[in-house]
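One letter stands for each residue in the lines below.
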Number of protein chains: 2
Amino acid sequence: MNNTTLKQIANQLGISITTVSKSLKGYSDVSEKTKNAVIELANQLNYTPNSFAVNLRTKESKTIGLIIPTLVHDFFSNVIQGILEEAEKRDYLVIILQSNEKFEFEKKQIDLLLNKRVDGILMSLSNETGEFEHLKTILSHNTPLVLFDKIAKLVNCSKVTINDRKAAYDAVSYLIKKGYKKIAHFRGSYLPQNSIDRFLGYKKALEDNNIIYDSSLVYVCDNNMDFENGYENAKKVVNEHPEIDAIFAVTDLVAVGIIKYLNEVGIAIPTQIAVLGFSNWFMSSVISPKLSTIDQPGFKIGRKSASILFDEINLKKNNLPIVFQSIELATSIIERQST
Amino acid sequence: MNNTTLKQIANQLGISITTVSKSLKGYSDVSEKTKNAVIELANQLNYTPNSFAVNLRTKESKTIGLIIPTLVHDFFSNVIQGILEEAEKRDYLVIILQSNEKFEFEKKQIDLLLNKRVDGILMSLSNETGEFEHLKTILSHNTPLVLFDKIAKLVNCSKVTINDRKAAYDAVSYLIKKGYKKIAHFRGSYLPQNSIDRFLGYKKALEDNNIIYDSSLVYVCDNNMDFENGYENAKKVVNEHPEIDAIFAVTDLVAVGIIKYLNEVGIAIPTQIAVLGFSNWFMSSVISPKLSTIDQPGFKIGRKSASILFDEINLKKNNLPIVFQSIELATSIIERQST
DNA sequence: TTGTAGGCGTTATCAT
DNA sequence: ATGATAACGCCTACAA
């Protein structure tokens, strides 16, 4: 039991709580002698400040909240690692919550964090999220908020993303340059900004290369952009459009599903159909054929988001004005065997 | 800003804080009229109790801590999901920390959680952890502790694991039954209980089947049992022991490394060398050949660990005696293409 | 039925 | 150099 309090130390030493507190916090107006006595006894009793009391006094929790769609996810795990690393540096703790891609959960998790009075919130939106009142609630509580990856463009806060549109544009341009002409796109669901942007990048790349955009070559992966989606849509596209020679997938997990299907039915990758993923999950480098993909720097996104959030928390604490940032981190094409 | 306090409500209504508090908590000794007035105003002002004050008063944080070796990890992500699900049910929040497989970090993270005064701690030990004073610190703080997966047998607390020794025994017996005779084992590092137990299961299965145990067929994966380890050790074993016909890997990630190497050098799986993994990571079902493995129920382990922890937290709160449990969850062999 | 008073443990202000 | 006092916001004996 470590329930030593300032009071106990004060009593044992026959001095006031105030003096004990000052000694421990290195105030100058305490004599060396008392200070040392206090520090020694504190160490001996293994004193640590009661964080509940400190929170109440200082009105900060030294804790931030993180809401992500799902944890079992290569990209988000990497984001979290980046966040934890930054938090650790600053002696902050991180409470992690999942929205499970549900708008209702997302709202609930926000309430939990707000009630807990975390000092700031990091979020990537769920696929269902199409309105943003709940985010404005955060801002109205005056709690710093940083959005990353799946963001709301219209909400007034800092954001960290990649340039999804450009990344997709480059990706599809790369396919075209390699000679692929009939390129299907397996897109994400309709709401998330990043799936919209990747789709727009795809479309623009086709147009800029004089390939007529054909909406029937676009398949939607609306079940969390997962493996099954890729598998099932691959089956469909092969039936409906045997003429395609490449598929650009919204994310690696979908691409892995595609590859699995193509492998099963004996369609050669990339000679018959090329597959290009997005995100560079670890798994992509160990499947056969190894997946070509776009590197999306999850760890860096996490670090940057957290670092901006902590800056804003500090600015707020010092009553300084906050200037919101919109950061876009660089991506690159990773060419492997599937293209 | 949502800084409504009991005091403000009391002032606006011209009554005492006590009465407001009682009304909101449904005490019987408040007149219907005042109670309703209070509740109405509270809703209107969007009152929520200040959790800092509640924590200080009640001495509980409604928060638990979780320390795992690493987050970017199929098994641990699944564990976390199980934990979050149980926590959510009980309105508990979860602070997640990584040890990065370092003993020093593990100690530090424990201190952080203890200082934060979490109501309980869930842990899976790092590969470096060979002494357990830091765990006893937790217990001496009277903070409930549940260990899972990588546990310390000698520490007096509840534990949730699989029966690693039996699972490995069954796994190797299965290989033998399929006709494999020269079976190498890529084991984990020397300290973690589960890597010891898997090794012992391997050895026992050989002996029970009249295969002489050959220590030179055991390779250690001491770099976090990762992909590279599997790859490098596969290279070694093929050189040093070309006669082997199967490899039993301590975990899927290692197995995936093995498969990658064997594929690269054109060794046929399973006809020349069979590969059996452990843990059933998602990835294992999508690589080629699909990996045979042992299913280790991460989600269930997380749920069970959390549920035991919450039970202990409640018992402690009610000053009831706690009986520590040691739970072993069932595993099963998943036969795919690599064996 | 309502309110007073004290305490949870820390910190900050203001006297001494 | 030291300490008394109040305050953070909530809860709960114990009056009234």
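Details of the structure are given in the entry above.
In short, a report on the structure. (Residues numbered from 1 in each chain as written. Chains lettered and ligands numbered in written order. Predicted model: local features only at pLDDT ≥ 70, side-chain atom pairs only at ≥ 80, totals over all residues. Heavy atoms only, no water.)

**Let's talk about the overall build of chain A**
- Within chain A, the secondary structure is distributed over 12 helices and 12 strands.
- Computed over its C-alpha atoms, the radius of gyration of chain A comes to 26 Å, more than 25% above the 20 Å expected for a compact globule of 339 residues.
- Dimensions of chain A, computed from C-alpha atoms along their principal axes, come out at roughly 90 × 40 × 30 Å.
- Considering chain A as a whole, with its 339 residues, one finds that 55% of them fall into the buried category.
- Pairs at least 24 residues apart make up 72% of the contacts formed inside chain A by residues separated by at least 6 positions.
- In the form shown here, chain A has an accessible surface area of approximately 14,500 Å², with 50% of it arising from carbon and sulfur atoms.
- Taking the average location of the 39 positive side-chain charges in chain A and that of its 38 negative ones, the two points are 6 Å from each other. (Helix = DSSP H or I, 4+ residues; strand = E, 2+ residues; numbered from the N terminus. Rg over C-alpha atoms; globule rule 2.2 N^0.38 Å. Buried < 20%, exposed > 50% of the residue type's maximum accessible area, 1.4 Å probe, protein only. Contact = heavy atoms within 4.5 Å. Areas by Shrake-Rupley, 256 points an atom, 1.4 Å probe, with all protein chains shown as cover. Lys, Arg positive; Asp, Glu negative; His and termini not counted. Charge placed at Lys NZ, Arg CZ, Asp CG, Glu CD.)

**Brief notes about the pattern of salt bridges**
- For the coordinates displayed, the defined rule picks out 30 salt bridges over all chains.
- For Lys204 of chain A, the salt bridge goes to Asp208 of chain A, with nearest N and O atoms at 3.2 Å. Of this pair, Lys204 of chain A and Asp208 of chain A both sit in helix H9 (residues 193-208), 4 residues apart, which is roughly one turn of that helix.
- Relative accessible area serves as the criterion here: at 41%, Lys204 of chain A is assigned to the partly exposed category.
- Note on Asp208 of chain A: relative accessible area 39%, which makes it partly exposed.
- Here Glu86 of chain B ties to Lys89 of chain B by a salt bridge, and the two come within 2.9 Å at their closest N and O atoms. Taken together, the positions of Glu86 of chain B and Lys89 of chain B, both in helix H5 (residues 74-89) and 3 residues apart, correspond to about one turn of that helix.
- Within the structure, one salt-bridge network assembled from shared partners comprises Glu85, Glu86, Lys89, Arg90 and Arg303 of chain A. (Salt bridge = Lys/Arg side-chain N within 4 Å of Asp/Glu carboxyl O.)

**A look at the sheet that holds strand E7 (residues 218-221) of chain A**
All names here are of chain A.
- One open sheet holds the 4 strands; their spatial order is E7-E6-E8-E9, and the pairing between them is parallel. Either end of the sheet is taken by a strand with one partner, and the two such strands are E7 and strand E9 (274-276). Here the average twist between neighbouring strands, direction ignored, is 20°.
- Here strand E6 (residues 183-188) runs beside E7; their pairing, made up of 4 bridges, is parallel. Bridge pairing links Gly188 to Cys221 in E7. (Pairing = 2+ DSSP bridges. Axes fitted to C-alpha atoms, helices over the stretch in contact; angles between N-to-C directions.)

**Digging into the interface of chain B and chain A**
- Counting residues at the interface gives 55 residues for chain B, matched by 55 residues for chain A.
- For the pair chain B and chain A, the summed buried surface comes to about 4,700 Å²; carbon and sulfur atoms form 59% of the total.
- When the buried area of chain B at its contact with chain A is split by residue, Phe52, Leu93 and Arg117 of chain B rank highest and sum to 16% of it.
- The tally of links from chain B across to chain A stands at 2 salt bridges.
- A salt bridge links Lys108 of chain B to Glu88 of chain A; its shortest N-O distance comes to 3.0 Å.
- There are 16 residue pairs in polar contact (both at pLDDT 80 or more) connecting chain B and chain A.
- At the level of elements, helix H4 (51-58), H5, strand E2 (93-98), helix H6 (103-116) and helix H11 (252-264) of chain B are the ones that each hand at least two residues to the side of chain B that touches chain A.
- Looking at the side of chain B that touches chain A residue by residue, the class counts come to 22 nonpolar, 22 polar and 11 charged. (Buried area = accessible area lost by both parts, 1.4 Å probe. Polar contact = N/O pair within 3.5 Å; in protein donor to acceptor, adjacent residues only side chain to side chain. Nonpolar A, V, L, I, M, F, W, Y, C, P; charged D, E, K, R; others polar.)

**Let's talk about the protein's contact with DNA strand C**
- Around DNA strand C sit 26 residues in total, of which Leu6, Tyr47 and Arg57 of chain A together with Thr18 and Asp29 of chain B are the nearest.
- The sugar-phosphate share of atoms of DNA strand C within 4 Å of the protein amounts to 61%.
- Between DNA strand C and Thr34 of chain B there is a distance of 2.8 Å, counted from a phosphate oxygen to a side-chain nitrogen or oxygen.
- Within the side chain of Arg57 of chain B, an N or O atom sits 2.9 Å from a base nitrogen of DNA strand C.
- At the level of elements, helix H1 (6-13), helix H2 (17-24) and helix H4 (51-58) of chain A together with helix H2 (17-24) and H4 of chain B are the ones that each hand at least two residues to the surface near DNA strand C. (Near = heavy atom within 4 Å.)

**Quick look at the relation of the copies chain B and chain A**
- Taken as rigid bodies, chain B and chain A are interconverted by a rotation of 180° and an axial shift of 0.0 Å, the fit giving an RMSD of 0.1 Å. In the structure described here, the two chain copies are related by an operation that fits a two-fold rotation axis.
- Mapped onto chain A, 100% of the interface residues of chain B are again interface residues, and the two copies thus contact each other with one and the same surface. (Least-squares fit on C-alpha atoms with pLDDT ≥ 70 in both.)

**Focus on helix H12 (residues 298-317) of chain A**
Residues and elements named next belong to chain A.
- Across its 20 residues, H12 extends 29 Å between first and last C-alpha, which sits within 8% of the 28 Å expected from 1.5 Å per residue.
- Listed as buried for H12 are Gly298, Ile301, Gly302, Ser305, Ala306, Ser307, Ile308, Leu309, Phe310, Glu312 and Ile313.
- Of the surrounding secondary structure, the elements contacted by the buried residues of H12 are strand E1 (63-68), helix H5 (74-89), strand E3 (120-123), strand E4 (145-148), strand E5 (158-162) and strand E11 (326-329).
- Downstream of H12 by one or two residues, Asn319 has phi in the positive range, about 55°. (Expected span 1.5 Å × (residues − 1).)

**Thoughts on the pairing of E4 of chain A**
Residues and elements named next belong to chain A.
- A two-sided burial pattern is seen for E4, the buried positions comprising Leu145 and Leu147 on one face and Val146 and Phe148 on the other.
- Here E3 runs beside E4; their pairing, made up of 3 bridges, is parallel. If you follow Ile121 over to E4, its bridge partner there is Leu145.
- Where the polypeptide runs from E3 across helix H7 (residues 133-140) and back to E4, its parallel neighbour, the crossover connection is right-handed.
- The sheet contact formed by E4 and E5 spans 3 bridges and is parallel. Paired with Val146 across the strands is Ser158, a residue of E5. (Right-handed = clockwise from strand over helix to strand, strands pointing away.)

Worth remembering: the numbers are spatial, not functional.
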